[in-house]
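Each chain, letter by letter, is given below.
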Amino acid sequence: MSPYTIAIDGPSGTGKSSTAKEIARLLGIDYLDTGAMYRSLSLLGLEAGVKPGDEDALARLADGMELLFPSLGVVVLDGRDVSRDIRSAEVSARVSTDCAVASVRTALVARQRAYAQGRSCILDGRDVGTVVFPDARFKFYVDCAPEVRAHRRVEELKAMGHAADFSEVLANLVERDRLDSTRAVGPLRKADDAVVVDTSSVTFQEQVQIILDHVRKGLPSI
Ligand code: DC
């Protein structure tokens, strides 16, 4: 079978990364978390004292960084495992600004295309089906009511032992959606030919199954 690409886009907190990882595992294909690439660059910027959104400095860091994804969910940046560090509050606070820089997007989109060359894979992000792979074989847009996403995030934070205020989490999430969907380059938007999966009232297993059913219908041999 020739290699195929599955693009999953949608706002933050819809469960698209966990879903994409599970689908990759079930289909035995590779998974690329494109958000982790933007987060890795923001981590480098943070450590180097670069101001959020500083185009020249970020473009230099983006060109020079080495990123590897040795196994599902593991991100190795310039030789060190940063899987946890890229999820820190400091990185989350600046990544929406850094990822809106045009030359940063050009550099990381090129890497995403190179990664998918010659292999079947699933990628999740904001612009995978619209900009990175407009010809992807399968495209999904995962959506979910902001209140449901905020509630799930609060539960996750509590489970990790962090204090979490629902209104604050909700406001933060709505603001990130606003920044991601209003930027000039590669904004978050549904591709015209993407299948919409609303996860507001389905379980994780159900959302995985909905996507798998579509893929299996298109690829009866898997
Ligand atoms: O999915 P995430 O929360 O890990 O993404 C981190 C940030 O990167 C978020 O602000 C959206 C941005 N992003 C993007 O602009 N384009 C992508 N393809 C993936 C993520």
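A brief look at the structure comes next. (Residues numbered from 1 in each chain as written. Predicted model: local features only at pLDDT ≥ 70, side-chain atom pairs only at ≥ 80, totals over all residues. Heavy atoms only, no water.)

### A word on helix α8 (residues 166–182)
Helical geometry note: an α-helix holds 3.6 residues per turn, so side chains three or four residues apart project in the same direction. The condition that has to hold: To qualify as a helix, a DSSP run of H or I must reach at least 4 residues; to qualify as a strand, a run of E must reach at least 2; elements of each kind are numbered from the N terminus. Here a helix's expected span is defined as the number of its residues, less one, multiplied by 1.5 Å. Each residue is placed in one exposure class: buried if its accessible area under a 1.4 Å probe, protein chains only, is under 20% of its type's maximum, exposed if it is over 50%, and partly exposed if it falls in between. Working note: the arc is built from the helix axis to C-beta atom directions. Note on contacts: a residue pair qualifies if any of its non-hydrogen atoms lie within 4.5 Å across the two residues.
Here α8 is 17 residues long and its end C-alpha atoms lie 24 Å apart, about the 24 Å a rise of 1.5 Å per residue gives. Within α8, the full set of buried residues consists of Val169, Leu170, Leu173, Arg176, Asp177 and Asp180. Relative to the axis of α8, the buried residues are bounded by an arc of 130° and lie together on one face. Set apart from the buried face of α8 by more than 90 degrees, the exposed residues are Ser167, Glu168 and Thr182. Taken together, the buried residues of α8 touch α2 (34–47), α4 (89–98) and α7 (146–159).

### A look at the sheet that holds strand β6 (residues 121–125)
Operational definition: Paired strands, as defined in this entry, are two strands with at least two bridges between them according to DSSP. For helices, the fitted axis covers only the stretch in contact; all axes are lines through C-alpha atoms, and the angles between them, taken along N-to-C directions, range from 0 to 180 degrees.
Taken together, the five strands give an open sheet; going across it, the order is β2-β6-β1-β7-β8, and neighbouring strands pair in parallel fashion. The sheet is open, and its two edges are formed by β2 (30–33) and β8 (195–198), each paired on a single side. In this sheet, neighbouring strand axes are inclined to one another by 20° on average, regardless of whether the strands run parallel or antiparallel. Strand direction decides the pairing type here: strand β1 (residues 5–9) and strand β7 (residues 138–143), joined by four bridges, are parallel. Bridge assignment links aspartate 9 to a residue of β7, and that residue is tyrosine 141. Contacts from α2 reach β2 and β6 within the one sheet, and its direction differs from that of β2 by about 45°.

### Quick notes on the packing of α4 against α8
Put simply, the test is: The labels follow the angle: roughly parallel below 35 degrees, roughly antiparallel above 145, roughly perpendicular from 65 to 115, and oblique for the rest. Handedness of each helix crossing follows the sense of rotation of the near helix against the far helix: counterclockwise by less than a right angle gives left-handed, clockwise gives right-handed. For this classification, Asp, Glu, Lys and Arg are treated as charged, while Ala, Val, Leu, Ile, Met, Phe, Trp, Tyr, Cys and Pro are nonpolar and the rest, including Gly, are polar.
Put simply, α4 and α8 touch, their axes get as near as 9 Å, and they point 25° apart. Relative to α8, the element α4 lies roughly parallel. As α4 packs across α8, the resulting crossing turns out to be left-handed. When α4 is examined against α8, the residues Ser92, Val95 and Ser96 are found in contact with a partner set consisting of Arg176, Leu179 and Asp180. Of the residues belonging to the contact of α4 with α8, the class tally is two nonpolar, two polar and two charged.

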